[in-house]
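The lines below spell out each chain.
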Amino acid sequence: MQHHDQQSIATPTPAPRIDIGDLGYQKRLRKRHMQMIAIGGSIGTGLFLGASGRMSLAGPSLALVYIVCGIFTFMVVRALGELVMYRPSSGAFVSYAREFLGERGAYSVGWLYFLNWSTTLVADITAVALYAHFWSFLVPVPQWVLALIALMVVVALNVMSVRLFGELEFWFALVKVGTIVVFMMLAIGFIVTGTSVGGNDPGLSTITDHGGLFPRGLAPMLTIALGVVFAFGGTEMIGVAAGEADNPRLVVPRAVNSIMWRIILFYAGSVILFTLLLPWTAYSASESPFVTVMSSIGIPHAGDVMNLVVLTAAMSSLNAGLYATGRTLRSMAVAGTAPRFAQRMNRNGAPYGGILITSVVGIAGVVLNLVMPQKAFEIVLNLAGLGIVGTWASIMICHWIFVRRAEQGHYHRPAFRLPFAPVLNILTLGFLLAVIVLMFFDDEIGRITLAAFVLVIAAMVVGWFRVRGRLEPDVLAPMEGTGSGSEIS
């Protein structure tokens, strides 16, 4: 890998460019920040809370869904990593869509990504409120009040500086990883020794005596695919953060390559252990599976400690979502396809305009928690998943175009690349399309989400006709220097 990194740095790009939306950012994210952002992006609310609801539908087969979706997730991030090696940008996929799909493509990708993270924001503040209600002394506090407090805290932290964001994500991710590792060691210990968990003897019989690997057949395993894609949403955060890293071409390959084994180990591994410790029917969508297990093992306050950790995970996701949308909206605002207010940046290099715009959607989430506290999390989860599918599809299409133009001699591909392109691009796009099609067969929420998404697309079309007359020319400008390794001052 070291050889590849050095070769990638030395490889020039014939036509280096800079997205002027990248100007003003401070390159203050270090190697340890980037590594932990990659980890934090791939371990979030989707595992700590969402796994319970999906396990209650598909049982132990959820582990297989995590593995399959994880493989395609890695392909997307690997393709994004190649584009980052070509040209790091805080606008990330919006900036790449601008170069390879035109401003209309950048507009579409940017607003889909905003849909993803703004709705994820709602899911996360809902998760924080649900976790807080685990403690009896907070039960009297309305769910919407707790959601509002979480939103206000993270907005305040995000507008301070990118270095503070990096530090927070570093420690958030460290807590998440450390907790999962400790949980897995405890779980394996209970299984090996046969120690009872909540009156249940752990082992394979916990699966075989409760319907086996597919207790409800194959259908639920297929229809939950979108929820699993949502769980992996955030892995693409490494592309956004690369624009503010001090040496992205050195740290991005290592961060990208580590995502695959983390997904398989943490997601699939955790689900396997959950279902070996307790029957899949013991898990509830309203409580983290980690809390369910730790509350059943008899160690005093284990459930309280784990609940504090999963609350931290939700705050981490909130933090990352505001970071990503603030930079995405600024990239779009510079081009004229988002409100001008989103261009605003404070002296610490934080795009507070885009962050505050996103927080307005968070306020709408607070209202949703007031009106529909029981359904808030599931409603927004699917919409966020559709936003992720659209964003990932754009990454694969942009990479496909990049590879094709490289074959025509217009670009040099870096040594760090997605292998077997464009075959893997086509397979991944087919998978993403299948995820959307499968939603149609989910009568309860899937069809409602698709209907809502049609309204979102209609609003985006209307919005495009309103902004296309004020597009800014030359958003992608020539970069000073001779190669893609040139530093932006």
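Here the structure is a predicted model, which means the values were calculated and not measured.

Cut-off values and rules
Residues numbered from 1 in each chain as written. Predicted model: local features only at pLDDT ≥ 70, side-chain atom pairs only at ≥ 80, totals over all residues. Heavy atoms only, no water. Helix = DSSP H or I, 4+ residues; strand = E, 2+ residues; numbered from the N terminus. Contact = heavy atoms within 4.5 Å. Areas by Shrake-Rupley, 256 points an atom, 1.4 Å probe, with all protein chains shown as cover. Expected span 1.5 Å × (residues − 1). Buried < 20%, exposed > 50% of the residue type's maximum accessible area, 1.4 Å probe, protein only. pLDDT = per-residue confidence, 0-100. Salt bridge = Lys/Arg side-chain N within 4 Å of Asp/Glu carboxyl O. Axes fitted to C-alpha atoms, helices over the stretch in contact; angles between N-to-C directions. Parallel < 35°, antiparallel > 145°, perpendicular 65-115°, else oblique. Left-handed = near helix turned anticlockwise from the far one by under 90°. Nonpolar A, V, L, I, M, F, W, Y, C, P; charged D, E, K, R; others polar. Arc of directions from axis to C-beta. Polar contact = N/O pair within 3.5 Å; in protein donor to acceptor, adjacent residues only side chain to side chain. Patch = residues over 30% accessible without salt bridge, like charges linked within 9 Å, V, L, I, M, F, W, Y side chains within 5 Å.

**Q** I tried to follow the overall build of the protein on my own but got confused; where do I start?
**A** Each helix and strand in the protein was counted, giving 19 helices and two strands. The long-range share in the protein, meaning contacts at least 24 apart out of those at least 6 apart in sequence, stands at 82%. As presented, the protein carries roughly 18,500 Å² of accessible surface, and 67% of it is formed by carbon and sulfur atoms.

**Q** I would appreciate a short explanation of unusual backbone geometry in the present structure.
**A** Negative phi characterises most residues that are not glycine, and trans characterises most peptide bonds. Omega for the bond connecting alanine 421 with proline 422 falls within 30 degrees of zero, at 5 degrees, which places this linkage in the cis form. Structurally, proline 422 is set in the loop between α17 (376-407) and α18 (423-439). With a phi close to 55 degrees, phenylalanine 420 is a non-glycine residue in the positive phi region. In this fold, phenylalanine 420 is placed in the loop between α17 and α18.

**Q** When you look at helix α15 (residues 302-335) in this model, what are you seeing that I'm missing?
**A** For an α-helix, the turn length of 3.6 residues means that residues three or four places apart are oriented alike. Here α15 is 34 residues long and its end C-alpha atoms lie 50 Å apart, about the 50 Å a rise of 1.5 Å per residue gives. Across the 34 residues of α15, 31 count as buried, placing the element largely inside the fold. Positioned one or two residues after α15, glycine 336 has a phi angle of 95 degrees, which is positive.

**Q** Before we go on, may I ask you to explain the confidence of the model for the protein in this structure?
**A** Close inspection of predicted coordinates is inappropriate for parts of the model with low pLDDT. Mean pLDDT over the protein stands at 81; residues scoring 70 or higher make up 87%. Averaged pLDDT values for the elements of the protein fall to 43 in helix α1 (residues 2-10) and rise to 93 in α18. Low confidence marks residues 481-489, where pLDDT is under 50. Its contacts with residues over four positions away, or in another chain, come to 19 contacts.

**Q** Looking at this structure, I do not really get the side chain of histidine 399. What am I missing?
**A** Mapped onto the secondary structure, histidine 399 falls in helix α17. Contacts of histidine 399, omitting those with residues within four sequence positions, involve Ala79, Glu82, Leu83, Arg413, Leu418, Ala421 and Asn425.

**Q** Which parts of the structure should I look at to understand the pattern of salt bridges?
**A** Side-chain pairing between opposite charges can occur once the charged atoms of the two side chains come close. All chains considered together, the criterion is met by three salt bridges. Two residues, glutamate 99 and arginine 87, come together in a salt bridge whose shortest N-O distance is 3.0 Å. Placement of the pair is glutamate 99 in helix α6 (residues 92-132) and arginine 87 in the loop between α5 (62-86) and α6, with a sequence separation of 12 residues. A salt bridge links arginine 98 to glutamate 103, with the shortest nitrogen-to-oxygen separation between them at 3.0 Å. Assessed through its relative accessible area of 16%, glutamate 103 is described here as buried.

**Q** What should I look at first to understand the packing of helix α14 (residues 289-296) against α15 in this one?
**A** Contact geometry for α14 and α15: axes closest at 7 Å, N-to-C directions at 165 degrees. In terms of orientation, α14 and α15 fall into the roughly antiparallel class. For the pair α14 and α15, the crossing hand works out as right-handed. Within the contact between the two elements, α14 uses Phe290, Val291, Met294 and Ser295 and α15 uses Ala302, Gly303, Met306, Asn307 and Val310. In terms of residue class, the contact of α14 with α15 is built from six nonpolar, three polar and no charged.

**Q** Would you explain α18 in this entry?
**A** Here α18 is 17 residues long and its end C-alpha atoms lie 25 Å apart, about the 24 Å a rise of 1.5 Å per residue gives. For α18, the complete set of buried residues consists of Leu424, Asn425, Thr428, Leu429, Phe431, Leu432, Val435 and Met439. The arc enclosing the buried residues of α18, seen along the axis, measures out at 155 degrees, which places them on a common side. Facing away from the buried side of α18 by over 90 degrees, the exposed positions are Val423 and Leu433.

**Q** For this particular structure, what's the right way to read the environment of serine 196?
**A** Mapped onto the secondary structure, serine 196 falls in the loop between α8 (162-193) and α9 (205-208). C-alpha separation for the pair serine 196 and glycine 298, spaced 102 residues apart in sequence, amounts to 9.6 Å. Side-chain polar atoms of serine 196 contact the backbone nitrogen of glycine 199, separated by 3.4 Å.

**Q** Explain the environment of leucine 168 here, please?
**A** Examined against the element boundaries, leucine 168 turns out to sit in helix α8. Sequence separation between leucine 168 and alanine 320 is 152 residues, and the spatial gap between their C-alpha atoms is 9.6 Å. Look past the residues within four positions of leucine 168 in its chain and what remains in contact with it is Leu157 and Asn319.

**Q** Teacher, can you tell me more about a nonpolar patch on the surface here?
**A** Residues Trp144, Ile363, Val367, Leu370 and Val371 make up a contiguous nonpolar surface patch of about 460 Å² in total accessible area. The element contributing the most residues to the nonpolar patch is helix α16 (residues 352-371), with four residues. Position of leucine 370 relative to the elements: it lies in helix α16. For leucine 370, a relative accessible area of 51% gives the class exposed.

**Q** Help me out: how do you make sense of the packing of helix α13 (residues 248-277) against α14 in this one?
**A** Helix-helix packing is characterised by the crossing angle of the two axes and by the distance between the axes. Contact geometry for α13 and α14: axes closest at 11 Å, N-to-C directions at 40 degrees. Seen along the crossing, α13 lies across α14 with a hand that is left-handed. When α13 is examined against α14, the residues Ser270, Phe274 and Leu277 are found in contact with a partner set consisting of Pro289, Phe290 and Val293. When its residues are assigned to classes, the contact of α13 with α14 shows five nonpolar, one polar and no charged.

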